[in-house]
Amino acid sequence: MDPDTVAKQFVEHYYTTFDANRPGLANLYQDTSMLTFEGQKIQGVQNITAKLTSLPFQQCQHSITTVDCQPSGTGGMLVFVSGNLQLSGEQHALKFSQMFHLMPTPQQSFYVQNDIFRLNYA
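Residues numbered from 1 in each chain as written. Predicted model: local features only at pLDDT ≥ 70, side-chain atom pairs only at ≥ 80, totals over all residues. Heavy atoms only, no water.

**What to know about the pairing of strand β3 (residues 60–71)**
And then number 1: With eleven bridges connecting them, β3 and strand β4 (residues 77–87) associate as antiparallel partners. Among the inter-strand pairings, Thr66 is bridged to a residue of β4, identified as Ser82.
And then number 2: What sits between the antiparallel neighbours β3 and β4 is a turn of five residues, in which Thr74 has the positive phi angle 60°. (Pairing = 2+ DSSP bridges. Helix = DSSP H or I, 4+ residues; strand = E, 2+ residues; numbered from the N terminus.)

**Focus on the environment of Asn21**
And then number 1: If you trace the backbone, Asn21 turns up in the loop between α1 (3–20) and β1 (29–37).
And then number 2: Residue classification places Asn21 among the partly exposed positions, given a relative accessible area of 41%.
And then number 3: Along the sequence, Asn21 and Gln59 sit 38 residues apart, while their C-alpha atoms lie 9.8 Å from each other. (Buried < 20%, exposed > 50% of the residue type's maximum accessible area, 1.4 Å probe, protein only.)

**Considerations on the nonpolar core**
And then number 1: Counting residues in hydrophobic clusters, the biggest one holds 31 residues, and the most contacted among them are Phe10, Tyr14, Phe18, Tyr29, Leu52, Val79 and Phe100.
And then number 2: At seven residues, the largest contribution of residues to this core is made by α1.
And then number 3: The residues contacting Phe18, other than those within four sequence positions of it, are Leu25, Leu52, Leu55, Phe57, Cys60 and His62. (Core = buried A, V, L, I, M, F, W, Y, C linked by side-chain atoms within 4.5 Å. Contact = heavy atoms within 4.5 Å.)

**Describing the sheet that holds β4**
And then number 1: Pairing is mixed across the open sheet formed by six strands, whose spatial order is β2-β1-β6-β5-β4-β3. Only two strands of the sheet have a single partner each, and these edge strands are β2 (40–43) and β3. Adjacent strand axes in the sheet meet at a mean angle of 15° when their direction is disregarded.
And then number 2: Both β4 and strand β5 (residues 94–104) contribute to a ladder of nine bridges, which runs antiparallel. Each bridged residue has a counterpart across the sheet, and for Ser82 the counterpart in β5 is Ser97. (Axes fitted to C-alpha atoms, helices over the stretch in contact; angles between N-to-C directions.)

**A few points about the pattern of salt bridges**
And then number 1: If you walk through the whole model with that rule in mind, you get one salt bridge.
And then number 2: Residue Glu38 pairs with Arg118 through a salt bridge whose shortest N-O separation is 3.9 Å. Residue Glu38 is found in the loop between β1 and β2, and its partner Arg118 is found in strand β6 (residues 110–120); the two are separated by 80 residues along the sequence.
And then number 3: Taking relative accessible area as the criterion, Arg118 reaches 41% and is therefore assigned partly exposed. (Salt bridge = Lys/Arg side-chain N within 4 Å of Asp/Glu carboxyl O.)

**Side note on unusual backbone geometry**
And then number 1: Despite not being glycine, Thr74 shows a phi value in the positive range, around 60°.
And then number 2: Here Thr74 is to be found in the loop between β3 and β4.
And then number 3: A relative accessible area of 68% places Thr74 in the exposed class.
And then number 4: For Gln108, which is not a glycine, the phi torsion comes out positive at approximately 65°.
And then number 5: Turning to its location among the elements, Gln108 is positioned in the loop between β5 and β6.

**Observations regarding the packing of aromatic side chains**
And then number 1: A full pass over the atoms with the stated rule returns nine aromatic pairs.
And then number 2: With a centroid separation of 4.9 Å and 80° between ring planes, the pair formed by Phe10 and Phe100 is classed as edge-to-face. With a gap of 90 residues between them, Phe10 in helix α1 and Phe100 in strand β5 connect regions that are remote in the sequence. The burial state of Phe10 is the same as that of Phe100; both residues are buried.
And then number 3: Each ring, one from Phe37 and one from Phe117, has its centre 4.8 Å from the other, and the planes form 5°; the classification is stacked. Note that Phe37 is positioned in strand β1 and Phe117 in strand β6, a separation of 80 residues in sequence.
And then number 4: Residue class for Phe117 comes out buried when judged on its relative accessible area of 6%.
And then number 5: Grouped by ring-pair contacts, the aromatic residues Phe10, Tyr14, Tyr15, Phe18, Phe37, Phe96, Phe100 and Phe117 constitute a single cluster. (Phe/Tyr/Trp six-rings, centres within 6.5 Å; stacked < 30°, edge-to-face > 60°.)

In short, geometric facts, not functional conclusions.
Written as structure tokens, this is what we have:
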């Protein structure tokens, strides 16, 4: 399958799940996965899921502006996303960037090996 298509499908799935059912993101990570969230490094599926489900907002809506991808060694791919994050009850959306390093699984799917998230302040 074309890497751009895989990246777009992954991004749609990730942010739809994040916005509607954050605990459902757990199956995208493994014990070796690492998340850097605003500079804080978190490793392992349980710790990453705990971080994502304990964020100080319950409802949000991601609006994706760009998705760029590149193949990486060993069948993986880098996916870079930029967009807006609208928090419930807030007037202005926050701009964000996120990078995923996706690695293949034996089941012909992908998991998130690395995930880096940053809010973009003007």
